[in-house]
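Given next are the chains, with one letter for each unit.
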Amino acid sequence: MKGLQELRGLGRVVYTGSAGCIIIVLSIYFGIAGFPYLLQEQIKARIALNNGSEGMKAWETLPLPLEFKVFIFNVTNPDEVSKGMKPVVQELGPYVYDQYRRKVDIEFTEDDTISYRIEKKFYFNKNKSGCHRESDVIVVPNIPLIGTAYSIEERFPMGLVFINTSAPLLFPGLKNIFVTTSVGDLLFNGVRIKCDYLKGPAMPVCQGIKRNRPPSLKEIPLSRDFAFSYFSDANTSLSGVFKVKRGNKNVYDLGRIIKYDNHTELTMWDKNTTCSELKGTDSTILPPIPSKDEDIYIFLPEVCLSLKAVMKRETSMYGIDVYQYFASTHNFDSGNNNPSNLCRCKKQEDDPKAPPKCLHDGAIDASKCQGAPVVFTYPHMLFAHPDYQNFVEGYQRDYDKHQTEVFIEPRTGVPLAAFKRIQMNIFLKRLNDVDVFANISEGLFPLLWLEEALTEELVQTYLPDIKEMMSTTHIIMSVTGLLIGIGLFCLLVALILYLKHRKIACVKENQVVSNISLIGPGMATRKDPDTVDKRISYDLPNTVASDRITVQKF
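Looking at an unreviewed UniProt entry, the chain carries the name Sensory neuron membrane protein 2, with the source organism given as Nezara viridula. Listed in UniProt under the heading Sequence similarities (unreviewed entry), the comment for the chain reads: "Belongs to the CD36 family." The chain has a UniProt comment under Subcellular location (unreviewed entry) that states "Cell membrane".

And the structure:
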């Protein structure tokens, strides 16, 4: 009978301990693999680009506009700059526009991909612009004149004589390389270029403009004139054709660009270089982030490059844990200091064996991309070479205001805040054969800088879905923790049963006997807390007075 009881007691220990171990193992397995897999599948179903999915709806047409801010560098001393003195600029803005986006020409293609184009529309927001108006008068570099002159100087230097005689005809009232215009005309409506000449020095120049017209120049209806503006084509044309991954086979590939304009590489750069690589997404969608060490890449059509962002820290927004990413400071490295960027440098056509001409750190020559001599930097020449920072007076660099950053919820890849900031510039150089260029200051001249940002109102539209998914995650984690706790409790019970079975602990009326002292071989006493100086004796076989017994309550 006694042996049977011992077997039963040992069985209870084994069963309880085994149950605890099984619960813990299953909890850990489901916590590490099972539940995260189910959660990932739920996230994939929401964000993958499929007909009817929530991700597809938000990706196809933004329910609310982005915020597009323009800061213009107004030139306060144009006459002095024409004489070679240091330029002085004053930042004006922001001029705020609502930018509406939608995908058009959508086509589901093979191998889990989708192709599309992007349509943008801009509307001036008077309320957010404050005291700034599109009618504000500004003085800025005359980009059509500068671009045309430099293009002719590079391709056909002898043709500069036509620029010198035709410039006053193309731009009546011309005094120098600057133009006085309004913000609205400069950005969208257009600064007029007169080309209604059937003969004379302006005619061949106008014909050249028409043949090599960049997107920033539009023909004015019912006339031979042109209109120049920075963003006129943004309101009337579509982006190139994107082909990206839909994220069904691998959710971490969501939005990854496979082709742009039907090419797997960027054709304006040399083949098989870091410049020609298509990496990352178009910034309208981001995949979940697999690890904190994972960099993200964004393709910028205005620069025709894929630029990198690196994770700086973990923080929280709206009660949600997010990763904060900053644009890498190496994005604008010079080819002289970073050999992988040599492909951005300009080759010397007259001497193919000569090393290419590279810009200093902090600037990217986008003339191959824009079809115009545009150079991009960070706003106010942040991180740029001192030669660029010191050329003009009026810069006020501020890391918090001028750095590109994005806050991403890592499980879904959804940004809760994003600020893309970039500055447009143009090099000024003297041309002895053109009067208005003969004595100008030479250097990298700022035009304007842009900030494209998510609005809080837009974030609020998809915030409930993110919080719902995060709530599901917390529930899963809580359930996993609870099951592990139950398993540990079972193991504790098994341990106590084992101690009781081995008679290491003595149990009486649901209490463990404690404070036991051996008074001799086979005898022990303890002080009963409910009595005064009352000693209770216990038979402890196979013990000696020197033995020490440790007992715990449970």
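What follows continues from the structure just given.
> Please explain helix 5 (residues 143-155) as it appears in this structure.
The periodicity of an α-helix, 3.6 residues per turn, causes residues three or four places apart in sequence to face the same way. Look at helix 5: 18 Å from first C-alpha to last across 13 residues, which is about the 18 Å you get at 1.5 Å a residue. Of the residues making up helix 5, those classed as buried are Ile143, Pro144, Leu145, Ile146, Gly147, Thr148, Ala149, Tyr150 and Ile152.

> What am I meant to see in the nonpolar core here?
By size, the foremost hydrophobic cluster in this structure holds 133 residues, and its most contacted members are Val70, Ile72, Leu187, Tyr230, Phe231, Phe437 and Leu448. For this core, the leading source of residues is strand 17 (residues 414-428), giving eight residues. With near-sequence residues (within four places) excluded, Ile72 lies in contact with Gln90, Glu91, Leu92, Tyr95, Ile138, Val140, Val183, Leu186, Leu187, Leu447 and Leu448.

> It is not clear to me how the packing of helix 6 (residues 160-170) against helix 8 (residues 202-211) should be interpreted in this structure. Could you clarify?
Helices that pack against each other are described as a pair by the angle of their axes relative to one another and the distance between those axes. Orientation of helix 6 relative to helix 8, taken along the N-to-C sense of each, is 85 degrees, at an axis distance of 8 Å. Here helix 6 lies roughly perpendicular to helix 8, going by the angle between them. Between helix 6 and helix 8, the residues in contact are Phe162, Ile163, Ser166, Leu169 and Leu170 and Ala202, Pro204, Val205 and Cys206, respectively. Residue composition of the contact of helix 6 with helix 8, by class: eight nonpolar, one polar and no charged.

> Whenever I open this one, unusual backbone geometry confuses me. Can you help?
Leaving glycine aside, a negative phi is the common case for residues, and trans is the common case for peptide bonds. Cis peptide bonds are those with omega within 30 degrees of zero, and the linkage from Gly93 to Pro94 qualifies with 10 degrees. Looking at the secondary structure, you find Pro94 in strand 2 (residues 89-109). In this structure, Asp261 is a non-glycine residue whose phi angle is positive, near 55 degrees. Among the secondary structure elements, Asp261 is positioned in the loop between strand 10 (257-260) and strand 11 (296-300). Here Asp261 falls in the partly exposed class, since its relative accessible area comes to 36%.

> Any chance you could explain the state of the cysteines here in plain terms?
Taken as a whole, this structure holds four disulfides when the rule is applied. Two residues share a disulfide in this structure: Cys195 and Cys206, whose sulfurs sit 2.0 Å from each other. Torsion about the S-S bond of the Cys195 and Cys206 cystine: about -90 degrees, corresponding to left-handed handedness. Placement of Cys195 in the loop between strand 6 (191-193) and helix 8 and of Cys206 in helix 8 is noted, with a sequence separation of 11 residues between them. Note on accessibility: Cys195 and Cys206 belong to one class, buried. Between the sulfur atoms of Cys275 and its disulfide mate Cys343 the distance is 2.0 Å. An S-S torsion of about 85 degrees defines the bridge between Cys275 and Cys343 as right-handed.

Calculation rules
Residues numbered from 1 in each chain as written. Predicted model: local features only at pLDDT ≥ 70, side-chain atom pairs only at ≥ 80, totals over all residues. Heavy atoms only, no water. UniProt positions renumbered as here; feature names shortened; annotations may be inferred. Helix = DSSP H or I, 4+ residues; strand = E, 2+ residues; numbered from the N terminus. Expected span 1.5 Å × (residues − 1). Buried < 20%, exposed > 50% of the residue type's maximum accessible area, 1.4 Å probe, protein only. Core = buried A, V, L, I, M, F, W, Y, C linked by side-chain atoms within 4.5 Å. Contact = heavy atoms within 4.5 Å. Axes fitted to C-alpha atoms, helices over the stretch in contact; angles between N-to-C directions. Parallel < 35°, antiparallel > 145°, perpendicular 65-115°, else oblique. Nonpolar A, V, L, I, M, F, W, Y, C, P; charged D, E, K, R; others polar. Disulfide = S-S within 2.5 Å.

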